[in-house]
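Descriptive analysis of the structure
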Protein chains: 2
Amino acid sequence: MSVTIKDVAKLANVAPSTVSRVIANSPRISERTKKRVREAMEYLGYHPNFNARSLANKNTQAIGLVMPSSADKAFQNPFFPEVIRGISTKAHEKNFAIYMSTGQTEQEIYDGVVAMIHGRRVDGILLLYSRVGDRIISLLQEKKFPFSVIGKPSKGAEQITHVDNDNFKAGMEATDYLIQLGHERIAFVGGSLDLVVTIDRMLGYKKALGDADILYRDDYIVQEEFLKEGGREAIMGLMSLQTPPTALIVTDDLMSFGIMGSIDEMGLSVPEDISIVSFNNLMLGEFAKPPLTSIDIDIFKLGYQAAGCLLDQIENSDQEAKRVIVPHKLIKRQTCQRL
Amino acid sequence: MSVTIKDVAKLANVAPSTVSRVIANSPRISERTKKRVREAMEYLGYHPNFNARSLANKNTQAIGLVMPSSADKAFQNPFFPEVIRGISTKAHEKNFAIYMSTGQTEQEIYDGVVAMIHGRRVDGILLLYSRVGDRIISLLQEKKFPFSVIGKPSKGAEQITHVDNDNFKAGMEATDYLIQLGHERIAFVGGSLDLVVTIDRMLGYKKALGDADILYRDDYIVQEEFLKEGGREAIMGLMSLQTPPTALIVTDDLMSFGIMGSIDEMGLSVPEDISIVSFNNLMLGEFAKPPLTSIDIDIFKLGYQAAGCLLDQIENSDQEAKRVIVPHKLIKRQTCQRL
DNA sequence: TTGTACGCGTTATCAC
DNA sequence: GTGATAACGCGTACAA
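Numbering of residues begins from 1 in every chain and follows the order in which that chain's sequence is written. Here chains are named by letter from A upward and ligands by number from 1 upward, in the order in which they appear as written. In keeping with the model being predicted, local features are shown solely for residues with a pLDDT of at least 70 and side-chain atom pairs are shown and tallied solely at 80 or more, while totals for entire chains, interfaces and linings include all residues. Each side-chain value is derived from all of the structure's non-hydrogen atoms; neither hydrogens nor water enter the calculation.

1. What to know about the pairing of strand β11 (residues 323–326) of chain A
Residues and elements named next belong to chain A. Worth spelling out the cut-off: Any residue under 20% of the maximum accessible area for its type is buried, any over 50% is exposed, and the rest in between are partly exposed; the area is computed with a 1.4 Å probe on protein chains only. Helix and strand assignments come from DSSP, with helices taken as H or I runs of at least 4 residues and strands as E runs of at least 2, each series counted from the N terminus. In this description, strands pair whenever DSSP reports at least two bridges between them.
Of the two faces of β11, the one holding Val324 and Val326 is buried and the one holding Arg323 and Ile325 is not buried anywhere. Looking at chain direction, strand β5 (residues 162–165) and β11 are connected through four bridges and run parallel. Each bridged residue has a counterpart across the sheet, and for Asn165 the counterpart in β11 is Val326.

2. Some details on the packing of aromatic side chains
What counts here: Working definition: a ring pair exists when centres of Phe, Tyr or Trp rings (six-membered ring for Trp) sit within 6.5 Å. Plane angles under 30 degrees give stacked, over 60 give edge-to-face, the rest tilted. Any Lys NZ or Arg CZ that is within 6 Å of a ring centre and within 35 degrees of that ring's normal is treated as a charge sitting over the ring.
Scanning the entire structure with this criterion turns up 10 aromatic pairs over all chains. Aromatic side chains Phe300(A) and Tyr304(A) sit 6.1 Å apart centroid to centroid with 15 degrees between the ring planes, which places their arrangement in the stacked category. On the criterion of helical spacing, the pair formed by Phe300(A) and Tyr304(A) is a turn pair, its members being four residues apart in helix α12 (residues 299–315). Grouped by ring-pair contacts, the aromatic residues Phe75(A), Phe79(A) and Phe80(A) constitute a single cluster. Geometry around Tyr110(A) places Arg135(A) over its ring, the cationic atom sitting 3.9 Å from the centre. One cation-aromatic arrangement involves Arg121(B) over Phe50(A); the distance from NZ or CZ to the ring centre is 3.7 Å.

3. Some details on the pattern of salt bridges
Residues and elements named next belong to chain A. To keep it simple, the criterion reads: The working definition used for a salt bridge is a side-chain nitrogen of Lys or Arg within 4 Å of a carboxyl oxygen of Asp or Glu.
Under the criterion given, the structure shown has 20 salt bridges over all chains. Its salt-bridge partner being Glu315, residue Lys94 comes within 3.5 Å of it at the nearest N-O pair. Placement of Lys94 in the loop between α5 (79–93) and β2 (97–101) and of Glu315 in helix α12 is noted, with a sequence separation of 221 residues between them. Residue classification places Lys94 among the partly exposed positions, given a relative accessible area of 32%. For Glu315, a relative accessible area of 58% corresponds to the exposed category.

4. Observations regarding the side chain of Thr102(A)
Going by this rule: Contacts are assigned to residue pairs with any non-hydrogen atoms lying within 4.5 Å of each other.
Here Thr102(A) shows up in the loop between β2 and α6 (106–118). Assessed through its relative accessible area of 3%, Thr102(A) is described here as buried. The residues touching Thr102(A), leaving out its near neighbours within four places in the chain, are Met67(A), Pro68(A), Ser70(A), Phe75(A), Ile109(A), Ser88(B) and His92(B).

5. Overview of the protein's contact with DNA strand D
Spelled out, the test is: Only heavy atoms are used to decide nearness, and a residue is near a molecule or strand if one of them lies within 4 Å of it. For this analysis, a polar contact is any N or O atom pair within 3.5 Å, provided that within protein one partner can donate a hydrogen and the other can accept it, and provided that sequence-adjacent residues contribute only side-chain to side-chain pairs. Classification used: nonpolar for Ala, Val, Leu, Ile, Met, Phe, Trp, Tyr, Cys and Pro, charged for Asp, Glu, Lys and Arg, polar for all others including Gly.
In the neighbourhood of DNA strand D, 25 residues make up the surrounding shell, with Thr18(A), Arg21(A), Thr33(A), Ile5(B) and Tyr46(B) lying closest. Among atoms of DNA strand D positioned within 4 Å of the protein, sugar and phosphate together represent 65%. Within the side chain of Thr18(A), an N or O atom sits 2.4 Å from a phosphate oxygen of DNA strand D. Here Ala56(A) contributes a backbone N or O atom positioned 3.4 Å from a base oxygen of DNA strand D. Among the secondary structure elements, those contributing two or more residues to the surface near DNA strand D are α2 (16–23) and α4 (50–57) of chain A together with α2 (16–23) and α4 (50–57) of chain B. Considering only residue class, the surface near DNA strand D consists of 10 nonpolar, 10 polar and five charged.

6. Here we look at the environment of Ile125(A)
All names here are of chain A. Looking at where Ile125 falls in the secondary structure, it is placed in strand β3 (residues 124–127). On the basis of relative accessible area, Ile125 is assigned to the buried category, the value being 0%. A sequence separation of 138 residues divides Ile125 from Ile263, and the C-alpha atoms of the two residues are 41 Å apart. Excluding residues within four positions of it along the chain, Ile125 makes contact with Gly64, Val66, Val113, Met116, Ile117, Leu140, Phe145, Pro146, Phe147, Ser148 and Leu310.

Keep in mind that these numbers describe shape and distance, not what the molecule does.
Structure follows, in structure tokens:
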């Protein structure tokens, strides 16, 4: 069928094992035979069979990516192409391939992960999201399978290698910025409260309010289902309170888009009637009307670093759990106004 | 180490080959032993090793996805999560896994594909884009490796299984719609002319103009580099012609976003000063201000069908090249006005 | 209906 | 330095 190590061995007049050593660039092979073998490989167009290799030495040179349920609205977020770009950049550097696992339901995804690790398809797994009570993390820990997560694990974060932004601090900064602009009636619009990132940012928001002696109000917290119809009503409810907020913290640029649409429909405008600080700084934000003030979380680096951590673990199995914080940065554009 | 077919065999008091047959659900095994073997598998928590299986029967139950260069701006388009969602839905149905290949440069991607097919990592390959003069297609054809492409191949489309929209027709429809609204000065703003989809839509545009006896003008064609700075100037150039267009056909919603920003900066507004028909109908378009009139190309189905075609080819190697057209649909929102 | 024996392409462990 | 040889875990003729 296709050219194997044996064919190369025959042509180069050596044993298959020698060819294998040349591939691994073993130092105990003379330069002369190395050269001869390499020429033979070149001539025959030899490429190693990864499956055979995996079988023999129990590693795959591949990592598995776990995305949220594709039925999940979050899936549509340009966040994912961008993390994947970061991940694959690092993976490429180390000659690792990328496996993907998605499914329509939590269960499907879970099963996919099981298949990945038992089927020996990957050497490690990268979780691209973090939500509370995730069974996959427990599974991975139980099996002692190398993994790391993007975002902060909801439980036992100290024992889990993860890379994250300091979302608590980011939430504080966003809020502080608005406070400094003179706002006091600041509402918080977050995505699913299952997502750890939402929780952290909200905690930062509350802290900043407290530090500034601003009363925290429950009715200023909105959990909007990402770009959904329900979201519109939630915003309208918010704006028709007796004392509506003068500013919004929104945990995702895509949500901000939806919200700005709703605000527009109500005949209000940003930032004159209401200011917005958003998160994630997607490329799109720059082209919104008006351009979004947003906290850049360096999505690319999130992916790049997470892949790096995972590969470190794979190379060096008894590595301690590590936590990497990727710096964020407030990008001021035109959705905030001094009160 | 981990539980193998032999362990199961021992526990169930059968030969390893019998276990193998049970896994394959061979009809020549009595229900009784099947049951016994399955119980043993369950009890031991057995999962087949994919690498061993691949080695033995020369298939991997995995397909490879090739995305454009991640340095490419197109990479950030929510188009990709959505096609992937379609692809992985179909892949899941047939129990196939998904392998990804990206790179910063064309060369890296090419090498990745070579590694995939020679390393026997996948049974087939799906190209998620189509640009002219792509070396990967030639490679795949030469190696007679199963593949299909999303979009229309630039050369020899008849011999290549692909799934696409009828972009020519879609281009015509977009143009006709504007013509019916009374527009005659219609410009065409496309992405890279390397992309076959851009070309097809432009051809449709020209045809529609011709059919309506409207003069085609070279200075009404803009090739904007997707959301880039240069794009802004291109639009400003367009709008400051002696006879500026009254309507725009834009080949991607993301571009439309950028363009609407530029138009806004110039103190003009959509649709009062200029109408826009866009393409792809990303979820975001609904939340633009004003909401985008856009041609929905059913990205999910594009992916779902393409995966289906590929899997058909893999199952049935001597299958003829097939072409699948996914229907599109004009979604009227608020970026077009009667003249 | 089930078991035996071999091959898939590599790597690793001995020998020499 | 290099060559046999035995795994790795599974599928499949062939035999029984």
